[in-house]
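# Structural description and commentary
Here's the letter readout for the chains.
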Amino acid sequence: MSNKNYLSIYAKSFNWAGFFLPKKTYIKCSALYDFCRVVDNIADSNELIDIKKNNFDEKNFNDPVIKNMWKLIDEFNISLKIVHDLLDGINFDIKENIKLKKKKDLLIYSYRVAGTVGLMMAKILKVNKKNSLKSAIDLGIAMQLTNISRDVVEDLNNGRSYINLNFEEIKSTIALAENYYKNSFYSLKEIPLNLRFAIIVARRVYRKIGHKILNKKNLEDYKNSGKIYVSNLEKIIQTFYSLFDLIKLFLINKSDDDIQHDHFLINEEINLDERI
């Protein structure tokens, strides 16, 4: 693996949840996150995405991050279309003065930069059922919508407007994220039991960010709060609540076959079935 563990440095919520994964699985998830983080950093630098894409496609194994990513692709049969979708999302972020105007654009962007990651992560966690993989996309989209809702001011300062700096629109985006969080829940049963609790925890901790944003009540409080995050104490509390989610999954009979995934707008441009 690479010398840096980006998961532990940059993704505190995910790294917390990773504590509940077997070590071998954690290392593989960390390798995926390393790749995603390295390509994401391109959007904040002058490095060309085409160079990174060519290095990936040509299997430049001198780069340990690319080498480890290809190991995951081969081991878990990850479609290259998913990786290219991720790179397309990063490429979009490199543009100057980004402005998303429609729900469709917001969802396609969220799929590309995060739904792809949810889908690849699900494959690493040995999820094979088609509807469950769609729910993994939903969880990734939900988390990205949470990110966007949290970082409106920071993104605007960097010339990126995914949603408007308007508290009603921020609340609306969190409500949209909630729908995707809900659609992800029942499919958690398809994750092997020894891997399941970590994802339940990650889902709860990240969802908590949206709840904390809503507690700000108005735009002024939101802007004055700085970057909103979940404290270690709150993570402990959410981990405790996750035990109830785990029990609930055992007790309920509802299947993810009953879920109506909100993928219509995304499928107008990207055939998700080809990725799954």
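Residues numbered from 1 in each chain as written. Predicted model: local features only at pLDDT ≥ 70, side-chain atom pairs only at ≥ 80, totals over all residues. Heavy atoms only, no water.

What follows concerns helix α5 (residues 64–76). For an α-helix, 3.6 residues make a turn, and residues three or four places apart therefore share a direction. Taking 1.5 Å per residue as the helical rise, α5 with its 13 residues ought to reach 18 Å, and the 18 Å between its terminal C-alpha atoms agrees with that figure. Within the span of α5, buried status applies to Val65, Ile66, Asn68, Met69, Trp70, Leu72, Ile73 and Phe76. Downstream of α5 by a residue or two, Asn77 has a phi angle that is positive, lying close to 55 degrees. (Helix = DSSP H or I, 4+ residues; strand = E, 2+ residues; numbered from the N terminus. Expected span 1.5 Å × (residues − 1). Buried < 20%, exposed > 50% of the residue type's maximum accessible area, 1.4 Å probe, protein only.)

Attention shifts here to the packing of aromatic side chains. One pass over the structure, following the stated rule, counts 10 aromatic pairs. Arranged with centres 5.0 Å apart and planes meeting at 90 degrees, the rings of Phe20 and Phe197 form a pair that is edge-to-face. Note that Phe20 is positioned in the loop between α2 (12–18) and α3 (23–42) and Phe197 in helix α11 (residues 193–214), a separation of 177 residues in sequence. Taking the relative accessible area as the measure of exposure, Phe20 reaches 28% and is therefore partly exposed. Here Phe240 and Phe244 contribute two aromatic rings whose centre-to-centre distance is 5.5 Å and whose plane-to-plane angle is 80 degrees, an arrangement assigned as edge-to-face. Of the two residues, Phe240 and Phe244 are both situated in helix α13 (residues 232–251); the distance of four residues between them amounts to about one turn of the helix. Of the residues examined, Phe240 reaches a relative accessible area of 47% and is grouped as partly exposed. By way of ring pairs, the aromatic residues Phe19, Phe20 and Phe197 are connected into one cluster. Sitting over the face of the ring of Trp70, Lys59 holds its NZ or CZ atom 4.4 Å from the ring centroid. (Phe/Tyr/Trp six-rings, centres within 6.5 Å; stacked < 30°, edge-to-face > 60°. Lys NZ or Arg CZ within 6 Å of the ring centre and 35° of its normal.)

Scanning the entire structure with this criterion turns up 16 salt bridges. Note that Asp273 and Lys130 form a salt bridge whose closest N and O atoms lie 3.4 Å from each other. In this pair, Asp273 is assigned in helix α15 (residues 272–275) and Lys130 in helix α8 (residues 130–150), connecting sequence segments 143 residues apart. Given a relative accessible area of 42%, Lys130 falls into the partly exposed group. The salt bridge involving Arg207 is made with Glu178; its shortest N-O contact spans 2.7 Å. Within this pair, whereas Arg207 is found in helix α11, its partner Glu178 is found in helix α10 (residues 167–185), the two being separated by 29 residues in sequence. Residue Arg207 shares its accessibility class with Glu178, and that shared class is buried. Within the structure, one salt-bridge network assembled from shared partners comprises Lys81, Asp85, Glu274 and Arg275. (Salt bridge = Lys/Arg side-chain N within 4 Å of Asp/Glu carboxyl O.)

Tallied over the full model, the rule gives one cavity of 30 Å³ or more. Put simply, the largest cavity is a space of about 30 Å³. For the lining of the largest cavity, the elements supplying multiple residues, two or more each, are α9 (152–157) and β2 (160–161). Residues that form the lining of the largest cavity fall into these classes: four nonpolar, one polar and two charged. (1 Å grid on protein atoms, 1.4 Å probe; cavity = no way out; pocket = protein on both sides within 12 Å on 5 of 7 lines; lining within 4 Å. Points joined across faces, edges and corners; volume = space filled by probe spheres on them. Nonpolar A, V, L, I, M, F, W, Y, C, P; charged D, E, K, R; others polar.)

This brings us to the packing of α8 against α10. At their nearest, the axes of α8 and α10 sit 8 Å apart, and the two run at 160 degrees to each other. Comparing the axis directions of α8 and α10 gives the class roughly antiparallel. Considering the relative orientation of α8 and α10, their crossing is left-handed. Across from Ser135, Asp138, Leu139, Ile141, Ala142, Met143, Leu145, Thr146 and Ser149 in α8, the residues of α10 making contact are Ile170, Thr173, Ile174, Leu176, Ala177, Tyr180, Tyr181, Asn183 and Ser184. Its residues assigned to classes, the contact of α8 with α10 comprises 11 nonpolar, six polar and one charged. (Axes fitted to C-alpha atoms, helices over the stretch in contact; angles between N-to-C directions. Parallel < 35°, antiparallel > 145°, perpendicular 65-115°, else oblique. Left-handed = near helix turned anticlockwise from the far one by under 90°. Contact = heavy atoms within 4.5 Å.)

Within the secondary structure, Ile259 sits in the loop between α13 and α14 (264–267). Residue classification places Ile259 among the buried positions, given a relative accessible area of 9%. In this structure, the C-alpha to C-alpha distance between Ile259 and Gly140, residues 119 residues apart in sequence, is 16 Å. Residues within four places of Ile259 in sequence aside, it is in contact with Ser135, Asn183 and Tyr186.

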